[in-house]
Amino acid sequence: MTPRTQTDLKPALVKPIVARRTETDQQPGLTLFAAGLIGIGVLALVFGDFAMVWQPVAPWVPGRTALAYATGALEVCVGCGLLFTATRVWAVRILFPGLILWALLKVPALAVAPQTEGVWLGLGELTLLLSGGWTLFARLADFPEGSRFGFAAGERGVRAARMLFGASLPPIGLSHFVYLQATVHLVPPWLPFRAGWARLTGAGQIASGLGVLFNVLPRVAAWAEAAQLSCYTLLIWLPASVATSYMNLQAVFGQSGKRLPLTALFISWVIAAAAWVVAQNVPRKVAVDAKE
């Protein structure tokens, strides 16, 4: 074998190893994201409806029930696709535009009532979810930065998704102050100083968002937000989905049906997973003037 032949083989041998390592680096956020997406899809197939306030499709939309079933089936398929290397590229390519459309469903409400903080809260939750999907797309979609979709891929896409993540957090944290009593009802009753916890978590989310946006300990800020959202899932919505008497959900949401705790559990799960995905991709030191 000539030296030239050996040199020619190096790219072919190295490229698969790099790709596998990149996919491995996305764990466990990637698996958690897939599980949450599958859970939302299964609920859509069981109830023949969308994820309540998190997928605000108007009742007058033609074929709404059929569309809900189709959306649920797509979410299950994409979630399963994220779990396997052979289908992962196409799964993230479908996921990213799907999450963009999902976030855009909040735009009409924002146009009608821009002064309502709850609308910004809902948009912030969905753009946070989008930031995680965008990060997966940037890392795993296999689009070079010079291609048609390259503007959203690679390190440039990861940085843009991180900025979207940071911008999503302040309106979520602000809701803890604007809707203080509703937030207090969601704090586990066994915790003392429930109003204090409501304010502290809101301030923490605002601080995390600003830390990411202004490059002040962004890695710490992103991981702190991922940990906080995971605590919401484990301490609030997981117990609520097991026993709805765990807390007074009606004091916050009114008569929303028995599927609210399960829907909120999987929505909280996938949003927390999105935060994990973003946090995993914040480098230990983010340069202010990062090179392309």
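In this report, the structure presented in the accompanying data block is examined. Here the residue index of a chain counts from 1 through its sequence in written order. Local features in this predicted model are restricted to residues whose pLDDT is 70 or higher, and side-chain atom pairs enter the listing and the counts only when it is 80 or higher, whereas totals over whole chains, interfaces and linings include all residues. Hydrogens and water molecules were not included; the side-chain quantities draw on all heavy atoms of the structure.

As a further point, take the overall build of the protein. Strands here mean DSSP runs of E at least two residues long; helices mean DSSP runs of H or I at least four residues long; both are numbered from the N terminus. Scanning the protein for helices and strands turns up 12 helices and zero strands. The linear arrangement of helices and strands in the protein, starting from the amino end, is α-α-α-α-α-α-α-α-α-α-α-α. A 1.4 Å probe rolled over the protein chains alone gives each residue an accessible area, and that area as a share of the maximum for its type sets the label: buried under 20%, exposed over 50%, partly exposed in between. By residue count, 45% of the 292 residues in the protein fall in the buried class. Put simply, of all contacts in the protein between residues at least 6 apart along the chain, 72% involve residues at least 24 apart. Method for areas: the Shrake-Rupley scheme with a 1.4 Å probe, in which residue coverage is limited to the protein chains shown. As presented, the protein carries roughly 15,000 Å² of accessible surface, and 70% of it is formed by carbon and sulfur atoms. We call two residues in contact whenever any of their non-hydrogen atoms come within 4.5 Å of each other.

Of the volumes computed, that of the largest pocket is approximately 1,200 Å³. Buriedness for pockets is judged along seven lines, at least five of which must meet protein on both sides within 12 Å for an open set on the 1 Å grid over protein atoms alone, while cavities are sets there where a 1.4 Å probe fits but cannot get out, and lining residues have an atom within 4 Å of a point. Taken together, 41 residues make up the lining of the largest pocket; nearest its centre are E125, H176, L186, Y232 and W237. When contributions to the lining of the largest pocket are tallied by element, the ones reaching two or more residues are α6 (117–140), α7 (154–178), α8 (180–186), α9 (194–213), α10 (218–242), α11 (250–253) and α12 (259–280). Counting residues per element, the lining of the largest pocket draws most heavily on α10, which supplies seven residues. Grid points are joined across faces, edges and corners, and a volume is the space filled by probe spheres set on the points.

Assignment of secondary structure puts S230 in helix α10. For this analysis, a polar contact is any N or O atom pair within 3.5 Å, provided that within protein one partner can donate a hydrogen and the other can accept it, and provided that sequence-adjacent residues contribute only side-chain to side-chain pairs. Of note is the side chain of S230, whose polar atom sits 2.8 Å from the side chain of W276. Those residues in contact with S230 that sit more than four places away from it in its chain are A272 and W276.

Turning our attention to the pattern of salt bridges. Salt bridges, as used here, are contacts in which a Lys or Arg side-chain nitrogen is within 4 Å of a carboxyl oxygen on Asp or Glu. Applying the stated rule across the entire model yields two salt bridges. In this structure, D49 engages R64 in a salt bridge whose closest nitrogen and oxygen atoms are separated by 2.8 Å. Taken as a pair, D49 in the loop between α2 (29–47) and α3 (64–82) and R64 in helix α3 lie far apart in primary sequence, 15 residues in all. Given the relative accessible area of 18%, D49 is considered buried.

Attention shifts here to empty space enclosed by the protein. Scanning all chains against the criterion turns up one cavity of 30 Å³ or more. Space inside the largest cavity adds up to approximately 40 Å³. Together, I40, L43, A44, D49, F50, A51, R259 and T263 line the largest cavity. Those elements that provide at least two residues to the lining of the largest cavity are α2 and α12. Residues are grouped as follows: Ala, Val, Leu, Ile, Met, Phe, Trp, Tyr, Cys and Pro are nonpolar; Asp, Glu, Lys and Arg are charged; all remaining types, including Gly, are polar. Residue composition of the lining of the largest cavity, by class: five nonpolar, one polar and two charged.

Here the focus is the packing of α2 against α12. Axis separation between α2 and α12 bottoms out at 8 Å; the angle between their running directions is 155°. Between α2 and α12, the angle is such that the two are roughly antiparallel. Between α2 and α12 the crossing geometry is left-handed. Of the residues in α12, those in contact with G29, L30, L32, F33, A35, G36, L37, G39, I40, L43 and F47 of α2 are R259, L262, T263, F266, I267, W269, V270, A273, A274, W276, V277 and Q280. Looking at the contact of α2 with α12, its residues break down into 17 nonpolar, five polar and one charged. Axes, fitted as lines to C-alpha atoms, cover a helix only where it is in contact. Angles between the N-to-C directions of the axes lie from 0 to 180 degrees. Between 65 and 115 degrees an angle is taken as roughly perpendicular, under 35 as roughly parallel, over 145 as roughly antiparallel, and anywhere else as oblique. Each crossing gets its handedness from the near helix: less than a right angle anticlockwise from the far helix is left-handed, clockwise is right-handed.

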